Amino acid sequence: MNFEVLDPGLAEYAPAMHSTLDPVLDAHLNPSLLQNVELDPEGVALEALPVQESVHIMEGVYSELHSVVAEVGVPVSVSHFDLHEEMLWVGSHGGHATSFFGPALERYSSFQVNGSDDIRQIQSLENGILFLTKNNLKYMARGGLIIFDYLLDESEDMHSLLLTDSSTLLVGGLQNHILEIDLNTVQETQKYAVETPGVTIMRQTNRFFFCGHTSGRVSLRDLRTFKVEHEFDAFSGSLSDFDVHGNLLATCGFSSRLTGLACDRFLKVYDLRMMRAITPLQVHVDPAFLRFIPTYTSRLAIISQSGQCQFCEPTGLANPADIFHVNPVGPLLMTFDVSASKQALAFGDSEGCVHLWTDSPEPSFNPYSRETEFALPCLVDSLPPLDWSQDLLPLSLIPVPLTTDTLLSDWPAANSAPAPRRAPPVDAEILRTMKKVGFIGYAPNPRTRLRNQASSSCSEQGLLFVAIPYRLKESDSEFDSFSQVTESPIGREEEPHRHMVSKKYRKVTIKYSKLGLEDFDFKHYNKTLFAGLEPHIPNAYCNCMIQVLYFLEPVRCLIQNHLCQKEFCLACELGFLFHMLDLSRGDPCQGSNFLRAFRTIPEASALGLILADSDEASGKGNLARLIQRWNRFILTQLHQDLQELEVPQAYRGAGGSSFCSSGDSVIGQLFSCEMENCSLCRCGSETVRASSTLLFTLSYPEGSNTDKTGKNCDFAQVLKRSICLEQNTQAWCDNCEKYQPTIQTRNICHLPDILVINCEVNSLKEADFWRMQAEVAFKIAIKKHGGEISKNKEFALADWKELGSPEGMLMCPSIEELKNVWLPFSIRMKMTKNKGLDVCNWTDGDEMQWGPARAEEEHGVYVYDLMATVVHILDSRTGGSLVAHIKVGETYHQRKEGVTHQQWYLFNDFLIEPIDKHEAVQFDMNWKVPAILYYIKRNLNSKYNLNIKNPIEASVLLAEASLARKQRKTHTTFIPLMLNEMPQVGDLVGLDAEFVTLNEEEAELRSDGTKSTIKPSQMSVARITCVRGQGPNEGIPFIDDYISTQEQVVDYLTQYSGIKPGDLDAKISSKHLTTLKSTYLKLRFLIDIGVKFVGHGLQKDFRVINLMIQGETHDSIEDARTALQLYRKYLELSKNGTEPESFHKVLKGLYEKGRKMDWKVPEPEGQTSPKNAAVFSSVLAL
């Protein structure tokens, strides 16, 4: 808002006004607002308390609830309701920010944002608050800590900001441009020119950006290009405020009169469908602020600076009876804001007071607010007693008050002298073996002392070593004696860990050498023929879920049969990745192409699924919540991608019927659960709405964290509670015509083939519930197998041997199989006639008693078997990780190993190991927390035809249009294949690939001076060239694609690749530019038909491109033939070995010629075709 137009005195406000305040109360100041408020000599309020008298609020009518003082005498410049928590933020003309919690307006935090300029706009984000001043943008935590401080140019005069998405911000002001700022990198990314300078207000809808100018105009701009689409000349003087709702734009402002500017009492309203003005709305107050408050109708709230407020419809007539008055302490209202729930209004006046008006006695600012964190109480008075006999007791436990007096321990300089501790002498063996490089010496460790020990003092007997006081529990030793898998390279050189995570569950990391991955022994971690996934790619935390989807046979076949024209289709990229996993014989694969497409999906970024490299490496993100959100996202995205296409012919039921109904996708058929949501109002009115969901979230019994009696609660009971959820909530009732407390229930109409469950163990409450239920199940299992539980002692080993002996029960499991188990391997569901659902645990004993459940499916009875569990590994040393237990079916073993059986495996990135089935359901909540469960209907695969038909056709090799706008035919560097040139099995194809760097290599320098690679550079393919290997056009390229990229390139490697900046940009490139997916399909087609590729370093090239070729990577016969030819050439040049000097002379000339030619093959003179060119004739003539 332009304050200079309204009140010139306020525009000249300066912080010096503080010093002129007198402790005597201002005549305009309401004394009731300053109860128990002390004024210091400078006149600044130390504390503000709300009004004490009770206020009666009528339901549905706005009335004043509370008034507080933010800063005495300092005008409020901006107010803002927090969009994430129940807080109200207030900024002052003195650059001070204050927040109030809840409708009682309890002071939460107060801090200085800027020392000289006023705060002009406030915007709340998830992790903090954005403050905009004249030429400064500051992002601060809600407690006052600075997250970043972005200084703008001194000539800038900013007035407004607009958050376009979670990480992009638009900032505008009195200059002729608007800045776009990336909040992740805190950098300016765009500068949009504005034809009409002075953008003081900005709004956004799903169609336009709305910019309000000081000249009285409102411009509508395109969301993508920011170009002006339409412009309304609202007022001849200046614009005061505007708001947008639906298809209506309402404005208020000032008109030019003979005496100057005057407040216009006509609101200009515009219809955005026809882009024209409708009848102006005359109001009875001088409008300074306006907001739509669409609770029941699209009503407008119009506020004047004197405190008059009027409600009216934008297309109706204003009624003077709808006017109410806000009683400001100061003469003017300076700011106005409406909460997201529309239940609260906030006003700030020129004397620093804030007034809260609400339409209910207990309003909420947001529909769904998270809990607000409060400072912990001071624990100084309850300090534990200190044992002075402990030498290693830290003295910092003693709180010392801040004092300027001399301490007792501060001896005078005359009575003390500095006595620094001498460094211990260097071991003679180290000095003897030391090698100097410059002024730094390197020597091997003589191992004369143990790790974590240091010399304390010298004595006649020698050095006294004091060990650092870390002791391992005896129970930890069993976790260090695991022999199944060697520890990850991240901890090979470290001491045994001090936690309970077994080695095969720890985060695995690739140890790189000079050769990269070529000499890393992946077989050491995976002795199976299944393929792991490499973890060093950004956002590879989802590797475990990719493996789960791959081992779902119907999903794998569906995805591999899918192919569409979208550039970034997750279903297509996932199908390509599944194809690689099919071809691999134990070698790990990269998911870089899939993750690249994943990073381009806007919904993934909006849901917070894209992790920064720093957060992923440090483990800052909550991986359990992250993978559960990813699980919901990927199922929804695959459902949408496949819903657009026709169902493939391979997916027909065994009886010939369609696999899914029209308009649905196969993902919906497999995962969707159809249900009815019933809403019952207390008036008796019931509303039923049909819906579906792709997964369920576990809902735990209330009070489970306080119930310590060990009450048994089957998993089936919790699952039924979660599926048939019943809850009380506020909902709109058509009969009552208002929001009423209703009972929401869910009735199941159709159960899915694959039951997906998010466990939601995100706090100690849920973890304690799992732990308690596992303990109860453990005791029940012991009693079931003939044992009696003692409350005061553990079972002896002899007792367990007796239970498992032939004299005892033969089927008794071991103690390790019974620990930490609450999850059943199978569950049985039965749908009743009244749309109810019965759920129970299903065991092998039930199977023997009741028989197979398949025949009962006709009666609505289904048995689901556990297929996969995704768990979160809590490891403070590495930040944690995600792993999966997967029950691999018979078809996968048949393809890979030629045998038919089922087996549980642990998938930990590239570490794969068979495990016992009980390990898949054992969750030690101290380090192994369940995140996602997958149950599948029994005999699911037998219902469908699971044949895979390669969807890639030969047409991908034909000519295609370039993405580059400036490409001309004269720049063409290749001739596409004709139909009669299509390659056949065994044809030769020359291949070369060039790459660019997206992320630089991360390395560290070891103590011996050698370099160790922590994380390799991330490469992306930039150019693919394929050359004909036979035919009349032999040697002529038929593919020369430059790959367009939307990701930032840090190094084009021009010296080696020939790629220059701009070659990959569609706007300025003159090359044949195409998408990565298009080029990938061409190479996949060539591989599938069986051509032979000729080139150098093809193994590494195909790895980066995400392609896998079956068979050997080189031909030993060709290698032997080449070696023989080289030997014969040696005999020829050295005259059968009698004159080796002649050979050395030719070899030296060959190297000199190579350096001059930059190791590029020279063009032969007088020849146009490279087919019969004697390329090295001029060189060998030397």
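In the block above lies the structure referred to throughout.
Residue numbers run consecutively from 1 along every chain, following the written order of its sequence. pLDDT decides what is reported in this predicted model: residues at 70 or higher carry local features, side-chain atom pairs at 80 or more are listed and counted, and totals for whole chains, interfaces and linings draw on all residues regardless. Side-chain measures here rest on the full set of heavy atoms in the structure, leaving out hydrogens and waters.

1. A few points about the nonpolar core
Grouping buried Ala, Val, Leu, Ile, Met, Phe, Trp, Tyr and Cys residues that are joined through side-chain atoms within 4.5 Å yields what is termed a nonpolar core. Buried means the residue's accessible area, taken with a 1.4 Å probe over protein chains only, is under 20% of the maximum for its type, while exposed means over 50%, and partly exposed covers the values in between. In terms of nonpolar packing, the biggest core is built from 105 residues, with Y541, I627, W630, F671 and Y934 touching the most fellow members. The leading source of residues in this core is helix α8 (residues 570–583), at ten residues. If you look at the next biggest cluster of nonpolar residues, it comprises 57 residues, including V508, C759, L823 and A920. Numbered from the N terminus, helices here are DSSP runs of H or I no shorter than four residues, and strands are runs of E no shorter than two.

2. Comments concerning the state of the cysteines
We call a pair of cysteine sulfur atoms a disulfide whenever their separation is within 2.5 Å. Summed over all chains, the structure comprises zero disulfides. With no disulfide of its own, C724 lies closest to C673 among cysteine sulfurs, the gap being 8.6 Å. Not part of a disulfide, C733 finds its nearest cysteine sulfur in C736, a span of 3.6 Å. Here C733 falls in the buried class, since its relative accessible area comes to 4%.

3. So, the side chain of Q773
With respect to the helices and strands, Q773 occurs in helix α15 (residues 764–784). Q773 gets classed as buried once you look at its relative accessible area, which sits at 2%. Sequence-distant contacts of Q773, defined by excluding residues within four places in its chain, comprise K711, N712, C713 and W822. Contacts are assigned to residue pairs that have any heavy atoms within 4.5 Å of one another.

4. Structural notes on the pattern of salt bridges
Salt bridges are counted wherever a side-chain nitrogen of Lys or Arg sits within 4 Å of a carboxyl oxygen of Asp or Glu. By the definition in use, this model includes 35 salt bridges. With a closest N to O distance of 3.8 Å, R142 and E85 form a salt bridge. Taken together, the positions of R142 in the loop between β8 (136–140) and β9 (146–151) and E85 in the loop between β2 (76–81) and β3 (87–92) put the pair 57 residues apart, joining distant regions of the chain. Of the two residues, R142 and E85, neither departs from the other in class, the shared state being buried. For E429, the salt bridge is made with R432, and the minimal N-O distance between the two is 2.7 Å. Here E429 and its partner R432 are both found in helix α4 (residues 428–433), three residues apart, which amounts to about one turn of the helix. Where salt bridges share partners, they join D82, E85, R142 and R370 into one cluster.

5. Structural notes on unusual backbone geometry
Positive phi outside glycine occurs at F226, with the angle close to 65 degrees. Checked against the element boundaries, F226 lands in the loop between β16 (217–222) and β17 (228–233). Under the relative-accessibility criterion, F226 is labelled buried at 4%. In this model, N1106 sits at a positive phi of 70 degrees, which is unusual for a non-glycine residue.

6. Details of the pairing of strand β14 (residues 199–204)
Counting buried residues in β14 gives five out of six residues, a clear majority hidden from the surface. Any two strands between which DSSP finds at least two bridges are classified as paired. Pairing of β14 with strand β15 (residues 208–213) involves five bridges; the strand directions are antiparallel. In the strand pairing of β15, I201 is matched with G212.

As far as function goes, none of this settles anything; it's purely spatial.
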